[in-house]
Amino acid sequence: MNLKQEFITIQEKETTARVQQSRVQAVRLKDITKKGVRVYSEGKIGISGAVGEASDALLLEQAEQNLSAGIAYPYPLTKDYKDHRNYNEAPLSSKEVLEYAEEVLAVLRNEYPDFSFSEFVASNEINVQIRNSEGLDLVYQDAFFNIQLILKEKATANLFDGGLSYLSRQVDIERFLNFNRGFLEAYRNKVDLPKDRRLPVFTIGTSSINGFLGRALHGERFAKGSSLFSGKLGEKLFSERVTLDLMRDPQCSLRPFFDAEGVVLPNDTLSLIENGKLVRVLTDKKTAQLYDLEHTGAATGAYDDPPTIDGAHGQSLAFRTDSQDVKGVLAGQPGIFAFIFSGGDFTADGSYATPVQISFLFDGERLIGKLPEFTMRSHINKMLGEDYIGTFDNNSLYLGDIPSQLQGYFMDIVK
Amino acid sequence: MYSFPRDLYVDVRVEESFDTQIRFKQLDLQSQKVRKEKGAFIRVFDGQRWYYSSTTNTDDVQAQIDTLAAMANPNPEILSHPLVAAFEVNQETVLQYEKSSVTDVPIQEKQDLLHEIIRQIKDETIVNHSSYYVDNKTIKSFYSSKGAAITYDQQTCGIRVTLDVVAGENKDQVSISKGATSVSELRGYADYLQQEIAKSVAFVRYAQPVVPGEYAVLLSPEATGVFTHESFGHKSESDFMVGDETMRAEWALGKQVGRDLLNIIDDGTITGNGYVPFDDEGTRGRKTEIISGGLLTGRLHSTATSVALEEGLTGNARAVDFQFEPIVRMTTTYIDKGTRPLQDILAEMDQGIYLETLKHGSGMSTFTLAPARAYKIEGGKITDPVKISVVTGDVFSTLLEVDAVSEEFELTSFVGGGCGKMEQFPLPVGFGGPYTRVRKLQVQ
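Residues numbered from 1 in each chain as written. Chains lettered and ligands numbered in written order. Predicted model: local features only at pLDDT ≥ 70, side-chain atom pairs only at ≥ 80, totals over all residues. Heavy atoms only, no water.

**Notes on the domain arrangement of chain B**
Often, the extent of an interface is quoted as the loss of accessible area upon association of its parts.
All names here are of chain B.
Thought 1: When cut into domains, chain B gives domain 1 (9-206) and domain 2 (213-443).
Thought 2: Counting residues at the interface gives 45 residues for domain 1 and 38 residues for domain 2.
Thought 3: For the pair domain 1 and domain 2, the summed buried surface comes to about 3300 Å²; carbon and sulfur atoms form 56% of the total.
Thought 4: If you sort the residues of domain 1 by the area they bury against domain 2, Arg13, Glu88 and Phe203 come out on top, with a joint share of 19%.
Thought 5: Our enumeration of links across domain 1 and domain 2 arrives at six salt bridges.
Thought 6: We note a salt bridge from Lys140 to Asp280, for which the minimum N-O separation is 2.9 Å.
Thought 7: Along the contact surface separating domain 1 from domain 2 lie 18 residue pairs in polar contact (both at pLDDT 80 or more).
Thought 8: Here the side of domain 1 that touches domain 2 takes nine residues from strand β6 (residues 149-167), the largest share from any one element. (Domains from an automatic or database assignment. Contact = heavy atoms within 4.5 Å. Buried area = accessible area lost by both parts, 1.4 Å probe. Salt bridge = Lys/Arg side-chain N within 4 Å of Asp/Glu carboxyl O. Polar contact = N/O pair within 3.5 Å; in protein donor to acceptor, adjacent residues only side chain to side chain. Helix = DSSP H or I, 4+ residues; strand = E, 2+ residues; numbered from the N terminus.)

In structure tokens:
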């Protein structure tokens, strides 16, 4: 039997300082390895996998046995390509993580006794590899420092009232603290919601929209007619300023630069919506061939799964920055920075509504004061069309050295 | 078994899991895998701080214990520490799935079960469908330096079918799911899944946008379950209350939080997604009455929160898997059944919304329910399907708006998803309840 072999290895190391009531309550160490093996023969794929150390020989044997399931995979393997990247060669030690955690918490306890902070301060290391017998050899290594503290105002009976977030390859505790001093002062300053029924709302990250667009850009759904975008290739969908990329640049995403089939995009990016026009959809090798679509390298799958186009694509999508000056755009008008807006959703036809649990009055540079809860409502076509304000590099809110963006839209406000 | 270091509290949780996953895209097999994992979570406590480690090298747990012990400060008084003194010491083996184990069912039978269900999907509006069968059996063992020695098993299996439906301009992706505790039980749900598929297709075909506003809302048992979990369940998790005087005052035991018809229970002894015969600290699972007759009567605890709040243990310290430490989580949480027939409750509603199935929910100060299938209620009858983005309410006041619960009652079970709390997701939980009427909720 002429077997082709593919090996996937994921190693995750972590030191986490667990925080309760602004103090380190526990230290957690983690070192987990996951290995997956795929074998290919006569147009079929066999898979196996293990958590922990398992010999390649054993996994190969199990993957060969899995060939008998008869799962079709008649597509060429990615081959003859080597790319090893390490985005952070100096991960923090466990001792450093604890020292940073103690330093941050001491300042927060001292300066903000009216708040309590919980969750974690952590250092994460990730090593993802995919290699095959056809000469593919890809390695992504990275390490980052991660502060995720939920914030509780001691005077409220809420489960929590917000949070501090920091994700960075290089640590700058002083800058983190300086930014969050302003952030926490804004928390303390309670302000009223502006009376207008339509307001400019800015968000960091675009996970709700990306999730919706990820489903709409799914190549198979597109081809089968069930996507909102079916039949619209080449058509203008949104504002001319909107460009949406399939983004595999780890600098921005902290994720591997290759997909589950080992495909690397030129410059780690590929536009799907360009100047508002639909130019490509998300495909893996199978979807591209089956439906005669451009292959865009969007395969997903767990370490021990066959590659598939199904899966959550939202995290791999990124809007291109199209605007520069939030304050200038606002031109003195009050804006809202929506910090936590969870639980809402899009309907299938694109209507959107969500409660906004934590938000601030925002002048484009500075958070002025904390707003009461409200609900915002719109439609995908309006948010990225007539009500689209723009996508900006985030120079206002310091969340670490991983690049982030602010995106703004006029939204209907329901109090 | 393990050599526990002196003057420290140590516990070890070993999890050995067996998982099957079979996926189809239409009638083509996409993947078929069996995954066997073994891992351990080790905790060491010196009276001041916890030290945790998770490992997949279960042959070397002793080395992990020794490493963590070297980081800790030995404390000769550790056994009299209030937290350590409170840990239960159970010694028991409870293996209830030995005779109905998913590990004994040939994979071809599991594949055939799923194939038989999807083979019948023929509606012309279903342009594509994907589906999977999954099962999990986990055997957990727990040992502590106080002498606990527990072994028990948990088991679930289920089917999920996702349909791409196109009916003219109306198109949507909808999912149907059913969970069970054995393959033979799951076989009995084939007709149920077909009925759900038909309902979902009809919903996509005919649903129109809702007129946003405030409505009286009738919740199905499934929707009641998510409502209970999100609107109040998380509030009953007492780790949010420790050291927080405002929360303790707001949620003091004895406070009236609902009408006298309202009873909310969390019960780890019910088989299914929330089955926890012992929690991940070795505490025996039990039934906890959180709200009785509208009054707050209990809350959910780990050992640490139980000690801190001076309330009894409840067996609610759960970890999503061996990579995480136990934190306070729900098990199977439900509103208890009432005494009124559904038809009587419905007949009283001139105008409202019926939530039948949900995509997801969340619970902060505002809880949210994102419906999958929802319908208008007009003149005491459930009528036309409506598309709704989100239904919201205030966790502090909504329970007081519950004014009817039916005598019809169902605990639901599903696969795919689960409860998320901070970094630990998805944790299997059970839920359900009666048909429940809430006088007013915001519908968008």
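Here the narrative resumes, following the displayed structure.
**As for helix α4 (residues 207-216) of chain A**
Thought 1: Every buried residue belonging to α4(A) is among Ile209(A), Asn210(A), Phe212(A), Leu213(A), Gly214(A) and Ala216(A), and all of these are buried.
Thought 2: Those residues of α4(A) that are buried lie in contact with β10 (244-247), β13 (317-319), β15 (345-346), α9 (380-383) and β21 (405-414) of chain A. (Buried < 20%, exposed > 50% of the residue type's maximum accessible area, 1.4 Å probe, protein only.)

**Comments concerning the domain arrangement of chain A**
Residues and elements named next belong to chain A.
Thought 1: If you check the domain split of chain A, you get domain 1 (4-187) and domain 2 (189-415).
Thought 2: Taken over C-alpha atoms, the centre of domain 1 sits 23 Å from the centre of domain 2.
Thought 3: Taken together, the contact between domain 1 and domain 2 spans 48 residues of the former and 39 residues of the latter.
Thought 4: Ranking the residues of domain 1 by area buried against domain 2 places Tyr75, Arg169 and Phe179 at the top, with a combined share of 16%.
Thought 5: A salt bridge links Asp268 to Arg85; the nearest nitrogen and oxygen atoms lie 2.8 Å apart.

**Describing the environment of Val51(A)**
Thought 1: The topology assignment puts Val51(A) in strand β3 (residues 44-51).
Thought 2: Here Val51(A) falls in the buried class, since its relative accessible area comes to 12%.
Thought 3: Expressed as a C-alpha distance, the spacing of Val51(A) and Asn394(A), which sit 343 residues apart in the sequence, is 38 Å.
Thought 4: When residues no more than four places from it in sequence are discounted, the contact partners of Val51(A) are Ile32(A), Thr33(A), Lys34(A), Tyr303(A), Glu37(B), Thr56(B) and Phe322(B).

**Considerations on the packing of aromatic side chains**
Thought 1: The full count for this structure, using the stated rule, is 40 aromatic pairs over all chains.
Thought 2: When the centroid spacing of 5.4 Å and the interplanar angle of 55° are considered together, the rings of Tyr100(A) and Phe145(A) count as tilted. Separated by 45 residues along the polypeptide, Tyr100(A) in helix α2 (residues 94-111) and Phe145(A) in strand β7 (residues 136-153) bring together distant segments of the chain.
Thought 3: On the basis of relative accessibility, which here comes to 1%, the residue Phe145(A) falls in the buried class.
Thought 4: Here the aromatic rings of Phe183(A) and Phe360(A) are separated by 5.3 Å at their centres, their planes lie at 40°, and the arrangement is tilted. Within this pair, whereas Phe183(A) is found in helix α3 (residues 173-188), its partner Phe360(A) is found in strand β17 (residues 358-362), the two being separated by 177 residues in sequence. Note on accessibility: Phe183(A) and Phe360(A) belong to one class, buried.
Thought 5: Linked through ring pairs, Tyr112(A), Phe115(A), Phe117(A), Phe179(A), Phe183(A), Tyr187(A), Phe202(A), Phe337(A), Phe339(A), Phe360(A), Phe362(A) and Phe392(A) together constitute an aromatic cluster.
Thought 6: Sitting over the face of the ring of Trp50(B), Arg43(B) holds its NZ or CZ atom 4.3 Å from the ring centroid.
Thought 7: Here the basic side chain of Lys178(B) rests over the ring of Tyr189(B), its NZ or CZ set 4.6 Å away from the ring centre. (Phe/Tyr/Trp six-rings, centres within 6.5 Å; stacked < 30°, edge-to-face > 60°. Lys NZ or Arg CZ within 6 Å of the ring centre and 35° of its normal.)

**A closer look at the pattern of salt bridges**
Thought 1: Throughout the structure, instances matching the rule amount to 60 salt bridges over all chains.
Thought 2: The partner of Arg187(B) in a salt bridge is Glu109(B), with the nearest N and O atoms 2.9 Å apart. With a gap of 78 residues between them, Arg187(B) in helix α4 (residues 183-187) and Glu109(B) in helix α3 (residues 107-118) connect regions that are remote in the sequence.
Thought 3: Exposure remark for Arg187(B): the relative accessible area of 38% places this residue in the partly exposed category.
Thought 4: Several salt bridges share partner residues, and in doing so they unite Glu14(A), Arg18(A), Arg28(A), Lys30(A), Glu119(A), Glu325(B) and Glu423(B) into one network.

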